[in-house]
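What the coordinates show
Chain by chain, the residues:
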Amino acid sequence: MNTMMINIGAMASRLSEAEAFALLEQPQDALLARAAAVRDTGHGRLISYSRKVFIPLTQLCRDVCHYCTFAKAPRNLGAAYLSPAEVLEIARQGKEAGCKEALFTLGDKPELRYAAARKALDDLGYECTLAYLRAMAEMVFRETGLLPHLNPGIMDTDEIASLREVSVSMGIMLESVSPRLLERGGCHHGSPDKDPTVRLATIEEAGRQKVPFTSGILIGIGETRRERIESLLALRDLNDRYGHVQEIIIQNFRAKPGTRMADAPEPDLADLQWTIAIARLIFGPDISIQAPPNLSAGCTSELLASGLNDWGGVSPVTPDHVNPEAPWPHLDHLADDTASCGKILVERLGIYPRFAEDGDQWLDAGLRSQVLDAIDADGLARTDDWFPGIAEQTLPRQKRTPNFIKDRALDRILDRAIDGSDLRLPEIERLLAARDGEIRQVTRAADTLRRRVCGDTVSYVVTRNINYTNICYFKCRFCAFSKGKMSENLRGRPYDLGLDEITRRAKEAWDRGAVEVCLQGGIHPNYTGRTYLEILKAIKSEVPGLHVHAFSPLEIHQGAQTLGIPIAAFLEQLIDAGLGSLPGTAAEVLDDEVRARLCPDKINTDEWFEVVDTAHRLGLKTTATIMFGHIDQPRHWARHLLRLREQQQRTGGFSEFVPLPFVHMEAPIYLKGGSRRGPTWREALLIHAVARLTLNPLITNIQASWVKLGPQGLAACLSAGVNDIGGTLMNETITRSAGAEHGQEMTPEAMEALLEKLGRPSRQRTTLYGNATPERRQASLTAPAII
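Just so it is clear, the structure is predicted and the values come from calculations on it, not from any experiment.

Overview of the pairing of strand 11 (residues 463-467)
For strand 11, the tally of buried residues reaches five of five residues, placing the bulk of the element in the interior. Here strand 11 shows a buried face lined by Thr-463, Asn-465 and Asn-467 and a second buried face lined by Arg-464 and Ile-466. Inspection of the sheet shows strand 11 paired to strand 12 (residues 516-520) by five bridges, in the parallel sense. Its bridge partner lying in strand 12, Thr-463 is registered against Glu-516.

Below, the structure is given as structure tokens:
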């Protein structure tokens, strides 16, 4: 045995070249175990795939690989190229079947070998195959929205640049770095495009041009195991330089009748497992290692045990034209088989999450917004059509794979949360990552905790929102409410309510049974701290019994600055003028990594907490919020929850936590192609549940926003840890400005009818969660409609 033994315990450490070659001497069982463990550190329980449609643009090729049946001579084809109509028909079939990737596969530059190819291109009006490929990829994207992944073969600098404009990713299999395979008798003899130096040059140029790239090796074609390691190291070297390799495919040779290698031995399963494990150990935990499931039917558990994390593209519509003898597995069967191994099958795009989330660097400008539309907060495929703020939509069904196996580690986290233990950041992130049957585990645990802490009674408050101005000099990229230079493109006109109108609305709210008014607005350039004081005094002089819940930490910070006094002094003045509590808005996501892009001129995270901490120490309660589902990711939500919990441990001043799903329809950042389309339903449901579990026992009230979620969403969240459904509102402007379709008011009667239908008792409350008086309740139930 080689004296350079690998430490099996150092699972995710990067291997040197010497250590990689030393793997040749290691026992296979140990290699597989180590590779699976390394895979799990990077990908956890998730095994991905892409739902694709396979478009074989041409099966002509100038190469003559001795194992290939995809490439055919012109005499064996009805047409040299698929026509545009044929391409579009295949793409449309894929779109109807739920595919998101259009995989274009073709032979290498057939016009350099065949006159038939040159004539066909002339008839189509293109000078070369890759020009036609570009046109067809652009057409498919434009007409169907499918995201093209291209396998164009060898490309030069200009060809890569041209194709990058119409594709989200590209690929070329290295196959092997062995020059022996080009020699007479080798499988690549007579195939100039299989020269490894040429193929590596294409892969390198793709890296220079920031193309998310797929490559891999083909095993069993005459190479040695040592040459496999050399091939993988060559790919790793390029990725070290450019960071563009998103997946490595380990493809096993299949002998095909009619080829020169028809009688060649195929690599057995153990050999395939060994190579997958070696690839995982060489590339480490993060890059995806893939093996096509149709080429090893019935071997799901063995392949997963080797360290792979991706099944590649699987088509519900088209065959594998490269391996037509090997049908794709049915996706339901693949999900069941994957689940039987303790894993969860998840759908991705042709571009992997890391690249999709950084589209400014990795995607052409014309593709970025469509990719953002197609991903969830983890960068995986968005698999539901639910969006916050849309009326009359059915909630997606939370699917549980029949063979789903619980994760005991997740159960331990849930037990700790229910017991009131402080969850650590990785534990919160794990809860937010729940998928498949895990979602039910998390929501059930949250609801068990809600029942224990709050009982079954659901509270709500009769309130009125008064947004006193929509003029604002801040430039938050998500805000469709404030009006500035872009106001003509957004909903509504600029306004600035006078004190008479504000007090009239407050008085009307009191007459309709309200216990509070919630005051917020844009940061008007003419407003000072004195403005906020005058608003308070006007309301309290007119309606002294009305609780004023007003002014976000941003307004407090700005008001204190304009008066040139400390935040504490300004808050004391506000309290003396009648301020009852602060809304914990302007929080968005309390993580400066997000805020620097989302609202760069707004107060930062520490400044937000400075206002809140000061308010709490002065005896002023605040709420806490998060506005999620735009450019943020679950790690940011976890940090946000953790900071809130730490603050509550210090001061105990938060009365409730309110998740606010991002409503995208009229938001400037979305209209400019810079954000996702709000959270998925899974994400919206989970954040309510995870908030209950993370903030236990410190913040006991978790609220759901009916304006964002609608009645159906509200009902579902009430079974996922939520105990409060917020306010009747009477007027709601901010969410409506962003494009939400839900009404501006949900009356007490409507709220109680909804809760009664769900079998839940209701309670009309005050701002700080006391019971509303009988007089207030009676006034709210007999209130006339607002005209």
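Some details on helix 18 (residues 499-511)
With 13 residues, helix 18 extends 18 Å from end C-alpha to end C-alpha; this agrees with the ideal 18 Å at 1.5 Å per step. When helix 18 is considered as a whole, its buried residues turn out to be Ile-502, Thr-503, Ala-506 and Ala-509. On an axial view of helix 18, the arc spanned by its buried residues comes to 115 degrees, and they lie on one face. Against strand 11, strand 12 and helix 19 (529-542) lie the buried residues of helix 18. Directly beyond the C-terminal end of helix 18, a positive phi value near 95 degrees is found at Gly-513.

Quick look at the nonpolar core
Core analysis: the biggest nonpolar cluster contains 114 residues, and Val-442, Leu-574, Phe-657 and Leu-693 have the highest contact counts within it. Here this core gets 10 residues from one element, more than from any other, and that element is helix 26 (residues 681-695). If you look at the next biggest cluster of nonpolar residues, it comprises 92 residues, including Tyr-81, Met-139, Leu-163 and Ile-248.

Structural notes on unusual backbone geometry
Excluding glycine, a negative phi dihedral is what most residues carry, and trans is how most peptide bonds are arranged. Cis rather than trans, the peptide bond between Asn-696 and Pro-697 has omega equal to 0 degrees. Note that Pro-697 resides in the loop between helix 26 and helix 27 (706-717). Positive phi, close to 55 degrees, is recorded for Glu-392, a residue that is not glycine. Within the secondary structure, Glu-392 is located in the loop between helix 14 (365-374) and helix 15 (408-418).

Regarding the confidence of the model for the protein chain
A low pLDDT score tells you not to read the predicted coordinates there in detail. On average, residues of the protein chain score 93 in pLDDT, and 95% of them reach the 70 mark or higher. This stretch, residues 1-11, has a pLDDT under 50; its non-local contacts, to residues over four places away or in other chains, come to 19 contacts. For the stretch residues 485-491, pLDDT sits under 50, and the model shows 17 contacts to residues farther than four places along the chain or on other chains.

As for the sheet that holds strand 15 (residues 621-628)
The sheet built from six strands is open, its strands ordered 11-12-13-14-15-16 with parallel pairing. The sheet is open, and its two borders are formed by strand 11 and strand 16 (654-661), each paired with just one other strand. Direction aside, the axes of adjacent strands within the sheet are offset by 25 degrees on average. Here strand 14 (residues 579-582) pairs with strand 15 via two bridges, running parallel. Across the sheet, the residue bridging to Leu-582 is Thr-622, located in strand 15.

Parameters at a glance
Residues numbered from 1 in each chain as written. Predicted model: local features only at pLDDT ≥ 70, side-chain atom pairs only at ≥ 80, totals over all residues. Heavy atoms only, no water. Buried < 20%, exposed > 50% of the residue type's maximum accessible area, 1.4 Å probe, protein only. Helix = DSSP H or I, 4+ residues; strand = E, 2+ residues; numbered from the N terminus. Pairing = 2+ DSSP bridges. Expected span 1.5 Å × (residues − 1). Arc of directions from axis to C-beta. Contact = heavy atoms within 4.5 Å. Core = buried A, V, L, I, M, F, W, Y, C linked by side-chain atoms within 4.5 Å. pLDDT = per-residue confidence, 0-100. Axes fitted to C-alpha atoms, helices over the stretch in contact; angles between N-to-C directions.

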